[in-house]
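Coordinate inspection notes
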Amino acid sequence: MTIQIVPLGAGQDVGRSCILVTIGGKNIMLDCGMHMGFNDERRFPDFSYISKTGDFTEMLDCVIISHFHLDHCGALPFFTEMCGYDGNIYMTHPTKAICPILLEDYRKITVDKKGERNFFTSQDIKNCMKKVIPVNLHQTIMVDDDLEICAYYAGHVLGAAMFYIRVGEESLVYTGDYNMTPDRHLGSAWIDKVKPDVLITESTYATTIRDSKRSRERDFLKKVHDCVAGGGNVIIPVFALGRAQELCILIETYWDRMDLRVPIYFSAGLTEKANHFYRLFINWTNEKIKSTFVHRNMFDFKHIRAWDRAYIDNPGPMVVFATPGMLHSGTSLELFKKWAPDPKNMVIMPGFCVAGTIGSRVLAGEKHIKTDSFTTIDVNLQVKNLSFSAHADAKGIMQLIRQCDAKNVVLVHGEKSSMGFLKSRIMTEFGIPCFDPANGTTVSIETSHVIPIEMSASLLKQHLIRQTETQDPGMTTSSSPEHSSSDDNSEQSDIKTPAEIRPSDKVLIQGMLVMDDGKPIRLEDADEVLEKVGMANHKVRFEVRKAYNATALRRAVEDAESNELHQGSTAMDTDKDESQAGDLYREWDSDRFALKLVHIALERSIGKQIKVVRELEDDSIEIRSVKIRAPTDKDEFERGGLLVGWDYRDEDLATRVLSIVTLALSANR
């Protein structure tokens, strides 16, 4: 079977996350976001890739939204209400609660302030949310008889989830955005060892390994303090929920400890909304927040007040948390325009900025930024980039791959150059395939199937005992009757019970596969099955010819026997009939010399575990049912090769012997 993955957004790019997956015949859309860097039709994914006729409900089995950030859910009302998708949508309870608020804010900025048309309405947002089916963490949802999904905690923001998706024996994990490091209000991402066929992971910080969290916090607080102490204003662009609360808790604690009186503001209304959501979904926060919530709400800030536009001309320093986080619109852009010309002021960018946004241009060091046809901003203020982003860094991504034990990795939501570096590192460190498709590019991943079968106890015991015998280092090899007799007695006395048998390696087990209506597939001993159905027992043997170079082998045998004699070994003189090796050289029978060389090789490689019997009468070597011999006049095989035959029950041993024979006969060729 094949799993197909096509990014409609976030392929070698950050923003507009939308991944189309086909798994087990099911079509699933993972996220449905918008791109912060575009204001035309490019801001939404190209849904025509799914269907040219608009029958999206028939084409898709479900849509899954990982969290409430607009680059993951911003196109959802457009897709459902304007494109016509009417199927199931899955997201967590906090995501369902917060999504419509952020979507409405986005709609107001786009339509009411910018005057854009052909955009979704407030009613469209409400109608869209009615299609949503909320899910709990670790709750397995059966979308239909074959498709199941399960949500896992992702950290990142309130309600963010990774999703495990399974259809039959095929499975994948989609991470959305996640954070492997706990912070002041959320825990770290976690997932079971689900061993998915494919892990689709974000790679926003694919080449970054962050320094310690405490050093970043100290740096942030020092920069803010130094700026306001010098009479400057500090603008911190943030999104409404997530990093905003993290930094508010940090600066609130610092202001309290330092007894500072400089005012701190937060975009109006969002503080109250944040308090409401964190109180409602307190079980999604970290243990410290949950344990202290009854006595003190960490989100009731005494130093942070709601922002009012009238404060923009107030004298004296101030700190403002303003939305949105990439300076592409709203209060943060308005304040930036006002304060950017003054070098006393400072902007601290705490998160990632998508290419094309004003935030990314500021971080790139541009000094004159044109926002529209009539406005150019002179950037003289101090620009600081301190990564408080709630995305996993390179170390965290590698940690998640190891944690869930993925068989293939697909990188999305990252910049092309960074993804290429991480891709090579994943393939080198884990030895698994890794892909970084561009938007509109299909990745097809072949999956292997495991068919579970039952096995009869007698067959399992028989093979485990055989494996125990063949791996006993105390078992020696000899053709003498005396030795065989003692071995037989030893075999009888050393038989183990099933509880005592422990396989030390993979065991190749041969039997007869029995398929009966209404019963599990079962592997049974062939003799037992034939007896049950009343069929005569029979043996199946295989025989192959292993060719050799006679001249090269003669030199090899002479060297081998010379070494044995020098070392005082009797490996080639175990029988009295073989003591006159010089006579045999003068007669020169190439097949007999080939057998001798093979016998030496077998003795050295497996002789301590398995009996290697040299039969002089018919000039052959026997190892259980495996027999190595020279061709006779009755055989159809030509001379200049040895025949290796075995019973089908000894397929595993025969494979091992054949490899040794091949190496022995190719010596000095």
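Residues numbered from 1 in each chain as written. Predicted model: local features only at pLDDT ≥ 70, side-chain atom pairs only at ≥ 80, totals over all residues. Heavy atoms only, no water.

We apply this condition: UniProt positions are given in the numbering used here, feature names are shortened, and annotations may be inferred rather than shown by experiment.
An unreviewed UniProt entry annotates the protein chain as Integrator complex subunit 11 of Linnemannia hyalina. Heading Cofactor (unreviewed entry) of the UniProt record for the protein chain holds this comment: "Zn(2+)". Per UniProt, the comment on the protein chain under Sequence similarities (unreviewed entry) is "Belongs to the metallo-beta-lactamase superfamily. RNA-metabolizing metallo-beta-lactamase-like family. INTS11 subfamily."

**Let's talk about the state of the cysteines**
Here, the word disulfide means a covalent bond between the sulfur atoms of two cysteines. Filter applied, for reference: Only a pair of cysteine sulfur atoms within 2.5 Å counts as a disulfide in this structure description. Burial here depends on accessible area, computed with a 1.4 Å probe over protein chains only, as a share of the maximum for the residue type. Under 20% is buried, over 50% is exposed, and the range in between is partly exposed.
Overall, the coordinates contain zero disulfides when judged by the stated rule. Cysteine cysteine 73 is unpaired, with the sulfur of cysteine 99 as its nearest cysteine sulfur at 3.3 Å. Note on cysteine 73: relative accessible area 0%, which makes it buried.

**Some points on the packing of helix H12 (residues 394–404) against helix H13 (residues 416–430)**
Keep this limit in mind: A fitted line through C-alpha atoms serves as each axis, taken over the contacting stretch for helices, and the angle formed by two N-to-C directions is quoted from 0 to 180°. By definition, any uninterrupted DSSP run of H or I lasting at least four residues is a helix, any uninterrupted run of E lasting at least two residues is a strand, and each is numbered from the N terminus. Each angle gets one of four labels, with under 35 degrees taken as roughly parallel, over 145 as roughly antiparallel, 65 to 115 as roughly perpendicular, and the rest as oblique. For any pair of crossing helices, the crossing counts as left-handed if the nearer helix is rotated counterclockwise from the farther one by less than a right angle, and right-handed if it is rotated clockwise. Residue contacts are counted whenever heavy atoms from the two residues lie within 4.5 Å of one another. Side-chain classes are defined by residue name, with Ala, Val, Leu, Ile, Met, Phe, Trp, Tyr, Cys and Pro counting as nonpolar, Asp, Glu, Lys and Arg as charged, and the others, Gly among them, as polar.
For the pair H12 and H13, the least separation of the axes is 12 Å and the interaxial angle reads 40°. Considered as vectors, H12 and H13 are oriented oblique to each other. As for the relative orientation of H12 and H13, their crossing is right-handed in sense. Of the residues in H13, those in contact with Ala394, Ile397, Met398, Ile401 and Arg402 of H12 are Leu422, Arg425, Ile426, Glu429 and Phe430. Grouping the constituent residues of the contact of H12 with H13 by class yields seven nonpolar, no polar and three charged.

**Remarks on the layout of surface pockets**
Empty pockets left among the atoms are what a rolling probe the size of a water molecule brings to light. Rule in force here: The method works on a 1 Å grid over the protein atoms by themselves. A cavity is a set of points holding a 1.4 Å probe that cannot get out, a pocket is an open set with protein on both sides within 12 Å along at least five of seven lines, and residues with an atom within 4 Å of a point line them. Grid points are joined across faces, edges and corners, and a volume is the space filled by probe spheres set on the points. Segment limits for the domains were obtained from an automatic or database-derived domain assignment.
Of the voids in this model, the largest pocket is the one considered here, and its volume is about 1200 Å³. The wall of the largest pocket is formed by 42 residues, among which Ile109, Pro324, Ser329, Gly330 and Thr331 lie closest to the centre. The element contributing the most residues to the lining of the largest pocket is helix H4 (residues 93–113), with seven residues. Here the lining of the largest pocket spans two domains, since at least three of its residues come from each of domain 1 (2–209 + 390–446) and domain 2 (213–385).

**Quick notes on the sheet that holds strand E24 (residues 512–514)**
Within a sheet, adjacent strands bond to each other through the backbone by hydrogen bonds, running parallel or antiparallel. Convention followed: Pairs of strands are assigned from DSSP output, requiring at least two bridges between the strands.
Overall, mixed pairing links the three strands, which are arranged E23-E25-E24 in an open sheet. Each edge of the open sheet carries a strand with a single partner, namely strand E23 (454–455) and E24. Packing against the sheet, helix H16 (residues 526–533) makes contact with E24 and strand E25 (522–524), and its axis sits at approximately 50° to E24.

**Here's the deal with empty space enclosed by the protein**
This structure, assessed with the given rule, holds two cavities of 30 Å³ or more. Within this model, the largest cavity holds a volume of roughly 340 Å³. Lining the largest cavity are 25 residues, and of these His69, Phe239, Met326, Phe352 and His391 lie nearest its centre. Contributions of two or more residues to the lining of the largest cavity are made by helix H2 (70–73) and helix H7 (243–258). In the lining of the largest cavity, the residues fall into 14 nonpolar, eight polar and three charged.

**Description of the pairing of strand E16 (residues 346–349)**
Neither face of E16 is left uncovered, since the one carrying Met346 and Ile348 and the one carrying Val347 and Met349 both have all their residues buried. Both strand E12 (residues 234–237) and E16 contribute to a ladder of two bridges, which runs parallel. Residue pairing across strands places valine 234 opposite methionine 346, the latter belonging to E16. Pairing analysis gives four bridges linking E16 to strand E19 (residues 382–385), with the strands arranged parallel. Each residue of the ladder has a partner; that of isoleucine 348, found in E19, is lysine 384.

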